[in-house]
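Summary of the model geometry
Here is what each chain is made of, one letter per residue.
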Amino acid sequence: MKEPIKLSIAATSKRVDIANIVARTFFNNVELPRKSQLDVAMGWRDSQLGGTGPAILVDKKKYDFGFGNPVGLSRMAYLGVGFYKKKIPLRAIGVFPTWDRLIFAVHQDTGIKSIEDIRKQKYPLRISTRRKGKLQTTLYVIEEVLKAYDMSFAEIVRWGGKIMEAASPSSPDRMDSIRSGSVDAVFDEGVKSWGPLALKSKMRFLPIAAQVLRKMEKLGFPSAVLTREHYPALEEEIKTVDFSGWTYFCHADLASEIAYNMANAVDLCYKQIPVDHFDKRPMTMAEFCRGGEAGQLNIPLHPGAKRYFRERGYL
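Being a predicted model, the structure only gives us computed values, none of them experimental. (Residues numbered from 1 in each chain as written. Predicted model: local features only at pLDDT ≥ 70, side-chain atom pairs only at ≥ 80, totals over all residues. Heavy atoms only, no water.)

1. Observations regarding the pattern of salt bridges
Spelled out, the test is: Here a salt bridge means any side-chain nitrogen of Lys or Arg lying within 4 Å of a carboxyl oxygen belonging to Asp or Glu. Segments assigned H or I by DSSP are reported as helices when at least four residues long, segments assigned E as strands when at least two residues long, and all are numbered from the N terminus.
One pass over the structure, following the stated rule, counts 18 salt bridges. Notably, a salt bridge pairs Asp 59 with Lys 86, separated by 2.7 Å at the nearest N-O pair. Taken together, the positions of Asp 59 in helix α2 (residues 53-59) and Lys 86 in the loop between α3 (71-79) and β4 (90-96) put the pair 27 residues apart, joining distant regions of the chain. Two residues, Asp 267 and Arg 312, come together in a salt bridge whose shortest N-O distance is 3.4 Å. Linking Asp 267 in helix α10 (residues 256-269) with Arg 312 in helix α12 (residues 303-312), this pair joins segments that are 45 residues apart in sequence.

So this is what it looks like as structure tokens:
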């Protein structure tokens, strides 16, 4: 690189910590022309830097790098479906692991054993779910699953149900409502925060049918299994929507040398990266460039990053 360059990373929530570590490592270990600049933009989850926003910002060249959380979001942008009106040529530098599943939990006293049962019985569930937001991914995916079962939150309300919105999976009001029994169900991600309490409070985790999971796959969201190894209190293993992973992406036309050096920067600092495996194990570079249980790689790697990983023997 002879000419000065200006690079930027868009980040929100916990991704800010990752972006800062990676940016600092890149800046200190890549020989950049003296007038070059590397910026990290930090925003709240409800800002344009959160939710569905980063892929669009990278497409418009307002930022060079961004994060898709969960990995289904970057896949959705890549396919040009759901939130995205056209295909966005995203490429991955890799996937930072963060284990999660989308869970539909219903109290055993309702007698409901499947999501289909909710519609069949027209059960007036009192549901704790996520707060509405323009860029909100979680609520969109939940509503798409319900739509595949030919129902909606609005219908459940018409049956006499009630929807209670939580700002986050671990909101104190949600935890209190599970303990008190003022909700019959929780539909949300972030299961590690509220799931153990829900199971202890006699809630049942419902499986998602194979044909519904296939529909979600077409929208970009892969499926995953939740087993008794994760939660011994489960009645049986269930298949559900995978809500794991933070895809670290860029535009397909990013210079190969920059993508190569960004992959190198991650390699140099990955042991400092705050990741979130279910079993608390650290991240590995092989997992970063291939994907795994805590984040599937479901968009193509940038050729520059791919060349680096191959040279290092990670691929």
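More follows now that the structure is in view.
2. Notes on the pairing of strand β11 (residues 238-242)
Regular strands show a simple pattern: their side chains alternate between the two faces of the sheet. To keep things clear, this is the line we draw: The classification of residues rests on relative accessible area computed with a 1.4 Å probe and restricted to protein chains. Under 20% of the type maximum is buried, over 50% is exposed, and intermediate values are partly exposed. Should DSSP find at least two bridges between two strands, the strands are taken to pair.
Counting buried positions over the five residues of β11 gives four, a clear majority of the element. Direction of pairing for strand β5 (residues 101-107) relative to β11: antiparallel, over a ladder of two bridges. Note that in β11 the partner of Leu 102 across the bridge is Val 241.

3. Concerning the environment of Ser 170
Counted only if it meets this: Pairs of residues are marked as contacts when any of their non-hydrogen atoms sit within 4.5 Å.
Here Ser 170 is to be found in the loop between β7 (162-166) and α7 (172-180). Considered as a pair, Ser 170 and Gly 190 are 20 residues apart in the sequence and their alpha carbons are 7.5 Å apart. Here Ser 170 is in contact with Met 175 and Ser 193, once residues within four sequence places are set aside.

4. Let's talk about the packing of helix α1 (residues 15-29) against α10
The condition is simple: Only C-alpha atoms enter the line fits that serve as axes; for helices the fit covers just the stretch in contact. Angles between N-to-C directions range over 0 to 180 degrees. By definition in this entry, angles of less than 35 degrees are roughly parallel, angles greater than 145 are roughly antiparallel, angles of 65 to 115 are roughly perpendicular, and the rest are oblique. Crossing chirality is assigned from the near helix's rotation relative to the far helix, an anticlockwise turn below a right angle marking it left-handed and a clockwise turn marking it right-handed.
At a minimum axis separation of 8 Å, α1 and α10 run at an interaxial angle of 110°. In terms of orientation, α1 lies roughly perpendicular with respect to α10. Relative to α10, α1 is oriented so that their crossing is right-handed. Contacts between α1 and α10 involve Ile 21, Val 22, Thr 25, Phe 26 and Asn 29 from the former and Ile 258, Asn 261, Met 262, Ala 265, Val 266, Leu 268 and Cys 269 from the latter.

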